[in-house]
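Examining the three-dimensional arrangement
Take a look at the letters that make up each chain.
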Amino acid sequence: MSALDDLMAFQRQTEALAQIAGRLSWDQETMMPRGAAEQRGEEMAAIEGVLHARRTDPRLADWLEEATPADGVAAAQLRLIRRAHERAVRVPSGLAQALARVTSTAQGIWAEARATEKVANFLPTLAEVIALKREEAFALAEGGDLYDALLDDYEPGATAADMAAMFGRMRPRLVRLREAVLAAAPPPPKLDHHFGEGAQLRFARDLATAFGYDFTRGRLDLAVHPFSSGSGNDVRITTRVVETDPFNCFYSVIHEVGHACYELGIDRDYLLTPLGNGVSMGVHESQSRIYENQLGRSPAFTGWIHRQMLDRFGDFGVAGPEEFTRIVNRVEPGFIRTEADEVHYNLHIMMRFDLERALIRGELAVADLEAAWNDRFLADFGVAVDRPAHGLLQDVHGSCGLFGYFPTYTLGNVYAGCLHLALREAVPGLDEQLARGDTSAATGWLRENVQRHGGRYLPQEVITLACGETPSEEPLLDYLDAKFGALYGL
Ligand code: ZN
């Protein structure tokens, strides 16, 4: 056995154990009895301890030193193993386990506080999570920027300065578009009808299939927050059902199918290796958002959804396909990020980014967070937050310790804008296909140009390879101007 063989055999077991840890998280959100929360925290900490020990194993350094990659794929595997090893050795094992334990139980405390609208019941836990994340950031940053150290976990190579500059370029055009849309016409009324859970879930499964989701290697369950989990041949998705608002379920499913198809679409040769995972959260979000928005909310595809819904739910009081498309794409300032329209969505992210960067850098105290949140929301959206579940208790990220994650949502939208432009050039008859409910040319192009590569290239590289040019925010902003300009007659 060569050093490379030893290394890859060892790594394969680490990847398998990481998948098991991921499945425990999936179970916690879908199946786990409530009374098991504390025990689950210990279980998560225990497996994190095992993973941390493996990622810091001194033999890794020796194997990495000796291994000679035969080709670009092997070199990419070594690059990712080295990166994970170098990051892991900077974080003490006790800290890694404490983070796993605290964030596991914090999610239940956050959910309870949100349900009862009691911010004060969540803040001590949030303060504990932030203290641990700051400790981790100090360990990782080695004198550099604390927020960058965390961001790098989700988007290798990205920096807060780059993100801030990009957001600065995007904001004026987004604000201008929002103001033009809101001044043009009142948003169309929301659906006013009852859509039963069973029928919603049946259509959700058919939508997932229409976007190429493979139910022999996945499953759909209910959870408080829609998410996708796993990689390789076991990639599961979740959704939620609101019987007055079927779009909540349907578009969550399309979004999570985008994430899941990325993982399922990775070259089978990379199974249980570092290349067998999506390369970054930004590229991940590019897949979920292009499935959800550029494809799923396109006038062509919403025409197909409209006909499907008429068949399944009967007349639900919408005049015709054009009115239906306008309802699917209604623009309105709202409190909830995950329900935000495409025009407002990135403005929510910019606010999260500024607040969490201040928290991690120690410039904002947890005790002052609610006031800072509410002030900023009023300034950015012109509406006062009416209750905590509509404000800082709305997102799960703080309880999970996902600091540095938010900017990757907008980066994903930006990448989706670039990919959509390239896709439209590559598939000229796309709208005719989408109008028949056929996404195969679009999803096939994405699998071929993005998904199959997994972790083979750096995040920016894979988008550049797919699009033939360096990614920028321009295609997304042009797409939004064109789409909403047409819908609102601007
Ligand atoms: Zn997503």
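What counts, and where the lines are drawn
- Residues numbered from 1 in each chain as written.
- Predicted model: local features only at pLDDT ≥ 70, side-chain atom pairs only at ≥ 80, totals over all residues.
- Heavy atoms only, no water.
- Helix = DSSP H or I, 4+ residues; strand = E, 2+ residues; numbered from the N terminus.
- Rg over C-alpha atoms; globule rule 2.2 N^0.38 Å.
- Buried < 20%, exposed > 50% of the residue type's maximum accessible area, 1.4 Å probe, protein only.
- Contact = heavy atoms within 4.5 Å.
- Areas by Shrake-Rupley, 256 points an atom, 1.4 Å probe, with all protein chains shown as cover.
- Lys, Arg positive; Asp, Glu negative; His and termini not counted.
- Charge placed at Lys NZ, Arg CZ, Asp CG, Glu CD.
- Salt bridge = Lys/Arg side-chain N within 4 Å of Asp/Glu carboxyl O.
- 1 Å grid on protein atoms, 1.4 Å probe; cavity = no way out; pocket = protein on both sides within 12 Å on 5 of 7 lines; lining within 4 Å.
- Points joined across faces, edges and corners; volume = space filled by probe spheres on them.
- Nonpolar A, V, L, I, M, F, W, Y, C, P; charged D, E, K, R; others polar.
- Domains from an automatic or database assignment.
- Buried area = accessible area lost by both parts, 1.4 Å probe.
- Polar contact = N/O pair within 3.5 Å; in protein donor to acceptor, adjacent residues only side chain to side chain.
- Phe/Tyr/Trp six-rings, centres within 6.5 Å; stacked < 30°, edge-to-face > 60°.
- Lys NZ or Arg CZ within 6 Å of the ring centre and 35° of its normal.
- Axes fitted to C-alpha atoms, helices over the stretch in contact; angles between N-to-C directions.
- Parallel < 35°, antiparallel > 145°, perpendicular 65-115°, else oblique.
- Left-handed = near helix turned anticlockwise from the far one by under 90°.

Looking only at helices and strands, the protein features 21 helices and 3 strands. At 22 Å, the protein has a C-alpha radius of gyration in line with the 23 Å of a compact globule built from 490 residues. Projecting the C-alpha coordinates of the protein onto the three principal axes gives extents of approximately 65 × 50 × 45 Å. The buried share of the protein, taken over its 490 residues, is 57%. Nonlocal contacts in the protein, meaning residues at least 24 apart in sequence, comprise 75% of its contacts between residues at least 6 apart. Accessible surface, the protein as shown: approximately 20,000 Å² in total, 52% of it carbon and sulfur. Side chains of the protein carry 48 positive and 70 negative charges; the gap between the two charge centres is 2 Å.

Right, let's get into the pattern of salt bridges. Enumeration according to the criterion identifies 32 salt bridges in this entry. Residue D57 pairs with R59 through a salt bridge whose shortest N-O separation is 2.9 Å. Note on D57: relative accessible area 13%, which makes it buried. By sharing partners, the salt bridges in this structure join R171, D354, R357, R376 and D380 into a single network.

Looking now at the layout of surface pockets. As a volume, the second largest pocket reaches approximately 570 Å³. Around the second largest pocket sit 19 residues that line it, and Q28, R34, Q107, G108 and A111 are the ones nearest its centre. Counting only elements with at least two residues in the lining of the second largest pocket, the list comes to α1 (3-30) and α5 (93-116). Looking at the lining of the second largest pocket, its residues break down into 9 nonpolar, 6 polar and 4 charged.

Before going further, it helps to examine unusual backbone geometry. Excluding glycine, most residues fall at negative phi; most peptide bonds, likewise, are trans. Of note in this structure, E117 is not a glycine but carries a positive phi near 60°. Within the secondary structure layout, E117 lies in the loop between α5 and α6 (123-141). Its relative accessible area of 25% is what places E117 among the partly exposed residues. For E142, which is not a glycine, the phi torsion comes out positive at approximately 45°. As for its position among the elements, E142 is in the loop between α6 and α7 (146-154).

Partitioning the protein into structural domains gives domain 1 (3-144) and domain 2 (160-193 + 258-488). Taken together, the contact pairs 30 residues of domain 1 with 31 residues of domain 2. Interface area lost by domain 1 to domain 2 is led by W110, E117 and V119, which between them contribute 20%. One salt bridge in this structure joins E117 and R387, with 2.6 Å as the shortest N-O distance. Put simply, domain 1 and domain 2 have 10 residue pairs in polar contact (both at pLDDT 80 or more) between them.

Tallied over the entire structure, the rule returns 3 cavities of 30 Å³ or more. Around the largest cavity sit 15 residues that line it, and L369, W373, L392, G398 and F406 are the ones nearest its centre. Looking at the lining of the largest cavity, the elements with two or more residues in it are α6, α14 (345-360), α15 (369-381) and α16 (397-400). Per-element accounting of the lining of the largest cavity gives the leading share, 4 residues, to α14. A breakdown of the residues in the lining of the largest cavity according to their chemical character gives 10 nonpolar, 2 polar and 3 charged. Both domain 1 (3-144) and domain 2 (160-193 + 258-488) contribute no fewer than three residues apiece to the lining of the largest cavity.

All told, the structure shown has 21 aromatic pairs when counted by the stated rule. Ring centres 5.4 Å apart and planes at 55° place the aromatic pair F10 and W63 in the tilted group. Taken together, the positions of F10 in helix α1 and W63 in helix α3 (residues 58-66) put the pair 53 residues apart, joining distant regions of the chain. Relative accessible area serves as the criterion here: at 10%, F10 is assigned to the buried category. Pairing F301 with W304 gives two aromatic rings, centres 5.2 Å apart and planes at 35°, and the pair type is tilted. You can see F301 and its partner W304 sitting in helix α12 (residues 299-313), 3 residues apart, about one turn around the helix. With relative accessibility at 13%, the residue W304 sits in the buried group. Every member of this aromatic cluster is reached through a ring pair, and the members are F195, F203, F211, F247, F250, Y251, Y291, F301, W304, F313, F316 and F324. The ring of Y345 is capped by R289, whose NZ or CZ atom sits 4.1 Å from the centre of that ring.

As a packed pair, helix α10 (residues 246-264) and α12 sit with axes 13 Å apart at the nearest point and diverge in direction by 130°. Classified by the interaxial angle, the pair formed by α10 and α12 is oblique. α12 is crossed by α10, and the crossing has right-handed handedness. Between α10 and α12, the residues in contact are P246, F247, F250, Y251 and I254 and F301, T302, I305, M309 and F313, respectively. Counted by class, the contact of α10 with α12 contains 9 nonpolar, 1 polar and no charged residues.

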